[in-house]
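Spelled out, the chains give:
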Amino acid sequence: MIGRDILGIEDLSREDIDTILETAERMQEIGNREVKKVPTLRGRTVINLFFEPSTRTQTSFEIAGKRLAADVVNFSVSGSSVSKRETLLDTAKTLDAMDPDAVVVRHKVAGVPHRLAKVLKAPVINAGDGAHEHPSQALLDMLTVREQKGRIEGLTITIIGDIAHSRVARSNIYGFKKLGAEVRVAGPPTMLPADVEKSLGVKAYTNLAEAIEGADVVMALRIQMERLEGACFPSVREYAATFGLDRAKLRYAKEDAIVMHPGPVNRGVELSHDLADDRPSVILDQVRNGVALRMALLYLVAGRGGH
Ligand code: CP
């Protein structure tokens, strides 16, 4: 995978995903050492190019690069020539001329990482593009399920929330289906794409109890309240009552089901406070695995023999 762009889970084969997850499983051990650093990417440069806010993704790509001894540059949009109206392409080409070994891109517009991948020498890793894909999030979710359940094949995974506008949902649906899981989605009809069962090959539900009946994994998505209230559901309160996950609703899932959320969590909306903090929620395991997974991606695309 040296020099390869990682733009979406849709483009990855099952073998690619297995390679990434197995590499991440080897990287996990480095995070447990007293000195959490190896020289694998010494002399390599990674640029984080985030045009949208991020806590988990940007920080974990930075820590991942540093644990592999790469030089990591966090490009700050607000203090850059973007504020002097330099175009996205000119900005990216300027940074590419400094010979980075990987560029990690987040942008609110779907397709931006793909456009940049066409013109940059460095491999591009998509850190989230609009409502399209968020591949590193889905990969860390797969890593977490493998860690918690020992397998993915044959599991039932229910994803709850705004399926229509969620890049996390789309990438996870592609990934978990490729690895042999049954994926169900649930939400108000306004949050389910009209043709979701046909286009994404999942079963869609508007009744939460039916959606999580017998599930091994229940994943709640963030409701983008700043944009959606009044557009997709009448009120946050009604959404929380109908689709917010709490221990009472979770009893429909398997007894050993785990609860996941990509973060940031709207407490009391997608998840009750206690589920956000305690088992069976594995939210902080997802965050921890995000570092190992991103180490694997940087190692695989920017490692020895790179461009
Ligand atoms: N899950 C996720 O993408 O979180 P951030 O927006 O904090 O990176």
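Residues numbered from 1 in each chain as written. Predicted model: local features only at pLDDT ≥ 70, side-chain atom pairs only at ≥ 80, totals over all residues. Heavy atoms only, no water.

**Things to note about the sheet that holds strand β2 (residues 71–75)**
Working step 1: On the basis of which strands lie adjacent, the open sheet formed by four strands has the order β2-β1-β3-β4 and parallel pairing. Edge positions in the sheet fall to β2 and β4 (124–129), since each of these pairs with one other strand and no more. Averaged over all pairs of adjacent strands, the angle between their axes in this sheet comes to 15°, without regard to strand direction. (Pairing = 2+ DSSP bridges. Helix = DSSP H or I, 4+ residues; strand = E, 2+ residues; numbered from the N terminus. Axes fitted to C-alpha atoms, helices over the stretch in contact; angles between N-to-C directions.)

**Details of the environment of Thr45**
Working step 1: Inspection of the secondary structure puts Thr45 in strand β1 (residues 45–50).
Working step 2: As for Thr45 and Val103, which are separated by 58 residues in sequence, their C-alpha atoms are 8.8 Å apart.

**Comments concerning helix α13 (residues 283–302)**
Residues lying three or four places apart along an α-helix face the same way, a consequence of the helix completing one turn every 3.6 residues.
Working step 1: Between its first and last C-alpha atoms α13 spans 28 Å; for 20 residues at 1.5 Å apiece the expected length is 28 Å, and the two agree.
Working step 2: Maximal helix bending in α13 amounts to about 25°, located at Gly290. (Expected span 1.5 Å × (residues − 1). Bend = angle between axes of the 7 residues up to and from the residue.)

**Quick notes on the domain arrangement of the chain**
Working step 1: For the chain, the assigned domains read domain 1 (9–133 + 287–302) and domain 2 (135–285).
Working step 2: Domain 1 and domain 2 are separated by 25 Å when their C-alpha centres are compared.
Working step 3: Across the boundary between the two partners, domain 1 contributes 33 residues, which contact 28 residues of domain 2.
Working step 4: The contact between domain 1 and domain 2 buries some 2600 Å² in all, and 55% of this surface belongs to carbon and sulfur atoms.
Working step 5: For the domain 1 face of the interface with domain 2, the top three residues by lost area are Ile9, Arg14 and Leu21, together amounting to 23%.
Working step 6: Seen at the junction of domain 1 and domain 2, the total is six salt bridges. (Domains from an automatic or database assignment. Contact = heavy atoms within 4.5 Å. Buried area = accessible area lost by both parts, 1.4 Å probe. Salt bridge = Lys/Arg side-chain N within 4 Å of Asp/Glu carboxyl O.)

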